[in-house]
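Coordinate analysis (summary)
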Amino acid sequence: MDIGLLVSIILLFLVFFKTHNNSYYALISSTVLFIIHFTRKDINFLKNILGKQFYISLALEYCIIWTFINLFFIFKENNFVFLGNVFLCFILPLLKFKKYVANPKFINKIPNALLEWKAYIRKNIVIFFSFGLLSAFLGYHPATLIILGLCWLHILLHVYSFQENKEILILQFSKLRLEKKIMSSFLICWMISIPALITFAFLNPLQREYIIYFSLYLLLSNYIIVIHKYINYNEKIKTTHVNDADFFKFALIIGLIIPAIIYIINNRKSALKKIAQYV
């Protein structure tokens, strides 16, 4: 996930969508700092350029980000418990977590129907774990649940930008139906979202229809993105460029539901024909 987009989303829903449980803000800001630190690719470069000043510059950068996210809520709510997690800004530059989670064994247990997920998680293991943690805190308001759905759509576009070669395509679909692949992908998204759904059901007992809407949104997102991949499948390209215009287009038609169903009806056969050219 693009870090700038993630931080922007977090700031927006922290400002506009309040909760009576202020500890959520501290937890979310901590998770954002984790994601930023463990997904940055300039650590070695900064060490070489800054030398002994590396730690100070990184800690200062994280303090600035922490301030933007938290300071408004500290003084607005007179809740100085928020100050506790500022120490994370000084601890993170010392941590080297990424090398300990490189190529975890659980990836090999993911079914072959989810080969795109296996490739994505292997390359983005810290983002995957961090987003799983962050998603648990996005269930306190209907709007944050919708934002979680949009985050999943963003991730799915990246996951299914992977284009397998025709040999793997043949091997995969000689034993697998398209709908099973879609349902397997939907289930992995839905299971990671369960903590957020439980939180939402507990905090918003009179608005549980949002859980149904979220689940339907997640199912349609998987259906449309997988179909979109195979309509545009090209064995000569390893990954396709993720288009922001596609994100906004799919976010709109899936959110309205009826256009999403029409899209599936009109394009499912085209995706199956493209697969049938190889299988």
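Here's what I pulled together on the structure shown here. Owing to the predicted nature of the structure, the values given are computational and were not obtained by experimental measurement. Every chain is numbered on its own, with residues counted from 1 as its sequence reads. Where local features are concerned, this predicted model is filtered to residues with pLDDT of at least 70; where side-chain atom pairs are given and counted, the filter is 80 or more; whole-chain, interface and lining totals use all residues. The side-chain numbers reported here are obtained from all heavy atoms of the structure, hydrogens and water having been left aside.

1. A closer look at a nonpolar patch on the surface
Our working definition: In this scheme, patches are assembled from residues that exceed 30% relative accessible area and form no salt bridge. Like charges are connected within 9 Å, while nonpolar side chains (Val, Leu, Ile, Met, Phe, Trp, Tyr) are connected within 5 Å. Here the Shrake-Rupley method, with its probe set to 1.4 Å, supplies the accessible areas, and only the displayed protein chains count as covering residues. The salt bridge criterion pairs a side-chain nitrogen of Lys or Arg with a carboxyl oxygen of Asp or Glu, the two atoms within 4 Å. Strands here are runs of E lasting at least two residues and helices are runs of H or I lasting at least four, both read from the DSSP assignment and numbered beginning at the N terminus.
A contiguous nonpolar surface patch, about 600 Å² in accessible area, is contributed by Tyr55, Ile56, Phe87, Phe90, Ile91 and Leu94. Elements with a minimum of two residues in the nonpolar patch: α4 (54-77) and α5 (88-91). Mapped onto the elements of the fold, phenylalanine 87 is located in the loop between α4 and α5.

2. Let's talk about the environment of leucine 171
Note the following rule: For the exposure calls, accessible area comes from a 1.4 Å probe over protein chains only, and a residue counts as buried if that area is under 20% of its type's maximum, exposed if over 50%, partly exposed in between.
With respect to the helices, strands and loops of the structure, leucine 171 is situated in helix α9 (residues 166-173). Judged by its relative accessible area of 55%, leucine 171 falls in the exposed class. In this structure, the C-alpha to C-alpha distance between leucine 171 and tyrosine 278, residues 107 residues apart in sequence, is 9.9 Å.

3. Quick word on the pattern of salt bridges
This model, assessed by the stated rule, comprises six salt bridges. Salt-bridge contacts for glutamate 179 lead to arginine 177; the nearest nitrogen and oxygen are separated by 3.5 Å. Judged by its relative accessible area of 17%, glutamate 179 is buried. A salt bridge links aspartate 246 to lysine 249, with the nearest nitrogen and oxygen atoms 3.8 Å apart. Taken as a pair, aspartate 246 and lysine 249 lie in helix α12 (residues 244-256) at a separation of three residues, close to a single helical turn. The exposure class assigned to lysine 249 is partly exposed, which follows from its relative accessible area of 40%.

4. A closer look at helix α8 (residues 142-159)
Put simply, the test is: To estimate the expected span of a helix, subtract one from its residue number and multiply by 1.5 Å.
The end-to-end C-alpha separation of α8 is 26 Å, in line with the 26 Å expected for 18 residues at 1.5 Å each. Among the 18 residues that make up α8, 15 are buried, leaving the element largely enclosed by the rest of the structure.

5. What about the nonpolar core?
For the record, the criterion: Take the buried Ala, Val, Leu, Ile, Met, Phe, Trp, Tyr and Cys residues and link them wherever side-chain atoms come within 4.5 Å; each set so joined is a nonpolar core. The contact criterion used throughout is that any non-hydrogen atoms of two residues lie within 4.5 Å.
Judged by nonpolar contacts, the single largest core of 59 residues is most densely connected at Trp117, Trp152, Ile224, Tyr230, Phe250 and Ile254. Among the elements of the structure, α6 (115-123), α7 (125-135), α8, α9, α10 (178-203), α11 (209-231), α12 and α13 (258-276) are those that each provide at least two residues to this core. Among all residues touching isoleucine 254, those that are not within four sequence positions of it are Leu153, Tyr217, Leu220, Ser221, Ile224 and Ala260. With 15 residues, the next largest nonpolar core counts Val32, Ile43, Trp66 and Leu88 among its residues.

6. A closer look at the packing of aromatic side chains
Applicable threshold: Any pair of Phe, Tyr and Trp rings, taking the six-membered ring for Trp, is counted once the centres come within 6.5 Å. Such a pair is stacked with planes under 30 degrees apart, edge-to-face with planes over 60 apart, and tilted for the rest.
Across all of its chains, the model carries seven aromatic pairs by this definition. For the ring pair tryptophan 117 and tyrosine 120, a centre distance of 6.4 Å and an interplane angle of 85 degrees mean the geometry is edge-to-face. Taken together, the positions of tryptophan 117 and tyrosine 120, both in helix α6 and three residues apart, correspond to about one turn of that helix. Ring geometry for phenylalanine 200 against tyrosine 210: centres 6.0 Å apart, planes inclined by 65 degrees, an arrangement best described as edge-to-face. Highlighted residues: phenylalanine 200 in helix α10 and tyrosine 210 in helix α11, separated in sequence by ten residues.

7. Focus on the packing of α8 against α11
Here is the rule we go by: Only the stretch in contact is used when a helix axis is fitted, and all axes are lines through C-alpha atoms; the angle between N-to-C directions ranges over 0 to 180 degrees. By the definition adopted for this analysis, an angle is roughly parallel if under 35 degrees, roughly antiparallel if over 145, roughly perpendicular if from 65 to 115, and oblique otherwise. Under the scheme applied, nonpolar residues are Ala, Val, Leu, Ile, Met, Phe, Trp, Tyr, Cys and Pro; charged residues are Asp, Glu, Lys and Arg; polar residues are all the others, including Gly.
For the pair α8 and α11, the least separation of the axes is 10 Å and the interaxial angle reads 10 degrees. With respect to α11, the element α8 is oriented roughly parallel. Seen from α8, the contacting residues are Pro142, Leu145, Ile146, Leu148, Gly149, Leu150, Trp152, Leu153, Leu156 and Leu157; seen from α11, they are Tyr210, Ile211, Phe214, Tyr217, Leu218, Ser221, Asn222 and Ile225. Its residues assigned to classes, the contact of α8 with α11 comprises 15 nonpolar, three polar and no charged.

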